[in-house]
Amino acid sequence: MERVYLDNAATTPLDKDVMAEMVSVMSNYYGNPSSIHAQGREVRTLIEKARKTVAGLLNATPAEIFFTSGGTEADNTAIRCGIEAYGIGHAITSKIEHHAVEHTLNQLLKQGRIDKLSFVDIDEKGNINYAHLEELLKNNSRSFVSLMHANNELGTLTDITRVGDLCEQYDAIYHCDTVQTMGHYVHDVRKLKAHFMVCAAHKLHGPKGIGFLFVNHNIKIPPMIFGGAQERNMRGGTENVYGIVGLAKALEMAYAEMESHQHHVQELKDYLKDKLSREIPDVQFNGETAADKSLYTVLNVSFPAMDMADMLLFNLDISGISASGGSACSSGSNIGSHVLSGIKADPDRPSVRFSFSKYNTKAELDYVVEKVKEIVAKNVAV
């Protein structure tokens, strides 16, 4: 069998129709979108058409969509500029957020740009304690809240409507990292109460190096990158035109295919979970796995303690299987998954994140289970 790619939460293959759209633009348009001549105006039109497409899918206005280099820049812009714009001294997050959020907030605390950083309680599956979130909001000054929609390692979903309602009640600014769920679920920003949402195109079969930041029209923030008047004076630098066009095409396709995509991928996830449960003794799963509580593209599998556990991913790789994972950080060590540590996973049990896309098949999963069985049988500690 050819290689089996099950690391789609890290990045997805570029869809051929997205590539064709980008190649067409590369071949036929070369003007600088800031130029006032015909070639520049043609390219400007492509960007604004893409912005309108993205906005329409999210029920946003085009003025609320700002193109970035990806999810990390979008997260940084939302957090840094949102806190600066409103002089907020207290931030709330969790210990299982993506490093683009965690490291940014820790840096702001270190620099004295915020006075206090609070972590909302989570359970052993990565679920937010909403009562504790309300307590933190109630007992502190105006807060900046950064909580993701779906955890990138566990797949556990957060009720972002509930978080948004709490933030509205306590006049908090709410940033929601939607990198893993944009294009996989419908996001209606007029119903959700998030002030910021983000996208990275390469998570939904679009190109790398492009994303966007949604900024609710009720708030205003300064730019993070200076240099020009691009993106309505919000992000200096000549726009990544090919990426922007590719992002809009990928998101448009994701919405059009969403129902069938969800059904197919959820079926694959359930199939692998059930087969691993039957075939591997003492296999467990990190995070929520129920369809209504978990991102359908991610399954985090916890294997029994084994010899050379750190070689598990390498052994999968040489068997032709691409996945990711690790283990909880050991005491006194910074090596390992901060997410697994955050849910107090057993550091002796290696974990693998299998993440799926529309291109995966059950035949591939049968092969994966066969190889996993062989690896576990050879290495499980007696």
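Located above this text is the structure these notes cover.
Everything numeric here is computed off the predicted structure, so don't read it as measured data.

Calculation criteria
- Residues numbered from 1 in each chain as written.
- Predicted model: local features only at pLDDT ≥ 70, side-chain atom pairs only at ≥ 80, totals over all residues.
- Heavy atoms only, no water.
- Pairing = 2+ DSSP bridges.
- Helix = DSSP H or I, 4+ residues; strand = E, 2+ residues; numbered from the N terminus.
- Axes fitted to C-alpha atoms, helices over the stretch in contact; angles between N-to-C directions.
- Contact = heavy atoms within 4.5 Å.
- Buried < 20%, exposed > 50% of the residue type's maximum accessible area, 1.4 Å probe, protein only.
- Phe/Tyr/Trp six-rings, centres within 6.5 Å; stacked < 30°, edge-to-face > 60°.

### Section: the sheet that holds strand 9 (residues 284–286)
Inference 1: Strand order in the open sheet formed by four strands is 9-10-13-12, with antiparallel pairing between adjacent strands. The outermost strands of the open sheet, each flanked by one partner alone, are strand 9 and strand 12 (324–326). The average angle at which neighbouring strand axes cross in this sheet is 30 degrees, direction not considered.
Inference 2: Two elements, strand 12 and strand 13 (residues 351–355), share three bridges in a ladder whose sense is antiparallel. Looking at strand 13, one finds that Gly326 is bridged to Ser351.
Inference 3: Where helix 9 (residues 258–279) meets the sheet, its contacts fall on strand 9, strand 10 (298–302) and strand 13, and the angle it forms with strand 10 comes to roughly 15 degrees.

### Concerning the side chain of His195
Inference 1: Mapped onto the fold, His195 is located in the loop between strand 6 (173–176) and strand 7 (196–200).
Inference 2: Here His195 falls in the buried class, since its relative accessible area comes to 15%.
Inference 3: The residues touching His195, leaving out its near neighbours within four places in the chain, are Ala172, Ile173, Tyr174, Phe214, Val215, Asn216 and Ile219.

### Quick look at the packing of aromatic side chains
Inference 1: Overall, the coordinates contain two aromatic pairs when judged by the stated rule.
Inference 2: Arranged with centres 6.3 Å apart and planes meeting at 35 degrees, the rings of Phe144 and Phe196 form a pair that is tilted. With Phe144 in strand 5 (residues 143–146) and Phe196 in strand 7, this pair connects stretches of sequence that are 52 residues apart. Of the two residues, Phe144 and Phe196, neither departs from the other in class, the shared state being buried.
Inference 3: Aromatic side chains Tyr185 and Tyr296 sit 5.6 Å apart centroid to centroid with 70 degrees between the ring planes, which places their arrangement in the edge-to-face category.

Take it as geometry only, folks, not as evidence of what the structure does.
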